[in-house]
Amino acid sequence: MLDRFYLIIDSPEWLDRLCPEGLRLAQLRIKEPDETLPDLVSRTLRTARKYGCTLVINDHWQAAIDAGADWLHLGQEDLDTADIKAIRKAGLKLGLSTHTPEELDRALTFDPDYVALGPIFPARGKVVDYAPQGIARLSSWKARINVPLIAIGGIRIEHAESLFEAGADSICVITDVLADADPEARCRAWIAASR
């Protein structure tokens, strides 16, 4: 079972800072990869395992396979190019992003291990192509799936209770922790709000 608090990071250093605070589920998202990507994925995976933290690799399925990762997250566009047979043969569990009912239908054909829905609120950390989904859509997604549902996008800690009540199994954030003046304290607060 996935932890109820899910943090997206861009380096293993975040795990060194936040796993001692109780972080148990993180996603490594590297948007501008270079030749150091394989080493970065391996180092982050080693760090996560040292702390007993589940690490999900975003997008880079071959690096995830090569590093012996357990989890992979793909966006809809990644499904067009990823080798799903190789991913499954390697034993990776798979999370998929969804934004529309059509994308959810497509995602379910891949038998995902979780489904993410977003952005729930206007995104704060990046430009996105989709309008905010809102809390009500979480409930309708939850009624259609039998795997964990992840809420993501523009979420602040004050939203946690209503998102869990609407059916989110886990809440994924970036900016609300990493951009906070005290990420360690914010991470602890999120963990407390997710129990």
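Residues numbered from 1 in each chain as written. Predicted model: local features only at pLDDT ≥ 70, side-chain atom pairs only at ≥ 80, totals over all residues. Heavy atoms only, no water.

> Would you take a moment to explain the sheet that holds strand E1 (residues 5–9) for this structure?
Backbone-to-backbone hydrogen bonds join strands into a sheet, with any given pair of strands oriented parallel or antiparallel. Ordered by their spatial adjacency, 8 strands build a closed barrel running E1-E2-E3-E4-E5-E6-E7-E8, and the pairing between neighbours is parallel. Strand-to-strand, the axes of this sheet are offset by a mean angle of 25°, without reference to chain direction. Sheet topology note: the E1/strand E2 (residues 25–28) ladder contains 3 bridges and is parallel. By the bridge assignment for E2, Ile9 is matched with Leu28. (Pairing = 2+ DSSP bridges. Helix = DSSP H or I, 4+ residues; strand = E, 2+ residues; numbered from the N terminus. Axes fitted to C-alpha atoms, helices over the stretch in contact; angles between N-to-C directions.)

> Even after reading the chapter, I still don't get the pattern of salt bridges, so can you show me in this structure?
Where side chains of opposite charge bring their charged atoms close, a pairing between them can arise. All told, the structure shown has 13 salt bridges when counted by the stated rule. Note that Asp39 is salt-bridged to Arg43, the shortest N-O span being 3.1 Å. Placement of both Asp39 and Arg43 in helix H2 (residues 37–51) is noted, with a separation of 4 residues, approximately one turn of the helix. The closest approach of N and O atoms between Asp80 and Arg106, which form a salt bridge, is 2.6 Å. With a gap of 26 residues between them, Asp80 in the loop between strand E4 (71–74) and helix H4 (84–89) and Arg106 in helix H5 (residues 101–108) connect regions that are remote in the sequence. With a relative accessible area of 58%, Asp80 lands in the exposed category. Since its relative accessible area comes to 28%, Arg106 is described here as partly exposed. Each member of the salt-bridge network shares a partner with another, and the members are Glu13, Asp39 and Arg43. (Salt bridge = Lys/Arg side-chain N within 4 Å of Asp/Glu carboxyl O. Buried < 20%, exposed > 50% of the residue type's maximum accessible area, 1.4 Å probe, protein only.)

> Looking at this model, I keep getting lost on the pairing of strand E3 (residues 54–58). Mind explaining?
Taken residue by residue, a regular strand's side chains alternate between the two faces of the sheet. E3 sits mainly inside the fold: 4 of its 5 residues count as buried. This β-α-β element, E2 to H2 to E3, shows right-handed connectivity. Considered for its hand, the β-α-β crossover made up of E3, helix H3 (residues 61–67) and E4 is right-handed. (Right-handed = clockwise from strand over helix to strand, strands pointing away.)

> Which parts of the structure should I look at to understand H5?
In an α-helix, one turn spans 3.6 residues, which is why side chains three or four residues apart end up on the same side. Along H5, the positions that sit buried rather than exposed are Glu103, Leu104 and Ala107. Mapping the buried residues of H5 onto a view down its axis gives an arc of 100°, with all of them on the same face. Buried residues belonging to H5 abut strand E5 (93–98), strand E6 (114–117) and helix H6 (135–144). (Arc of directions from axis to C-beta. Contact = heavy atoms within 4.5 Å.)

> Help me understand the packing of aromatic side chains, please; the structure alone is not making it clear to me.
We describe a pair of aromatic rings using the distance from one ring centre to the other and the angle between the two ring planes. One pass over the structure, following the stated rule, counts 3 aromatic pairs. An aromatic cluster is built from Tyr6, Trp71 and Tyr114, whose rings are joined through pairwise contacts. Stacked on the ring of Phe164, the Lys or Arg Arg4 has its end atom at 3.7 Å from the ring centre. (Phe/Tyr/Trp six-rings, centres within 6.5 Å; stacked < 30°, edge-to-face > 60°. Lys NZ or Arg CZ within 6 Å of the ring centre and 35° of its normal.)

> Got a minute to help me understand the side chain of Asp3 in this structure?
Along the polypeptide, Asp3 turns up in the segment before E1. For Asp3, a relative accessible area of 18% puts it in the buried group. Within the local environment of Asp3, its side chain forms a polar contact with the backbone nitrogen of Phe5, the two atoms lying 3.1 Å apart. Excluding residues that lie within four positions of it along the chain, Asp3 makes contacts with Arg24, Leu25, Ser170 and Arg195. (Polar contact = N/O pair within 3.5 Å; in protein donor to acceptor, adjacent residues only side chain to side chain.)

> Would you mind going over the environment of Asp39 with me for this structure?
Since its relative accessible area comes to 44%, Asp39 is described here as partly exposed. Residues Asp39 and Ala63, spaced 24 residues apart in sequence, show a C-alpha to C-alpha distance of 8.9 Å.

> What should I look at first to understand the environment of Cys187 in this one?
Inspection of the secondary structure assignment puts Cys187 in helix H9 (residues 183–193). On the basis of relative accessible area, Cys187 is assigned to the buried category, the value being 0%. Among residues more than four places away in sequence, those in contact with Cys187 are Phe5, Leu18, Leu23 and Val177.

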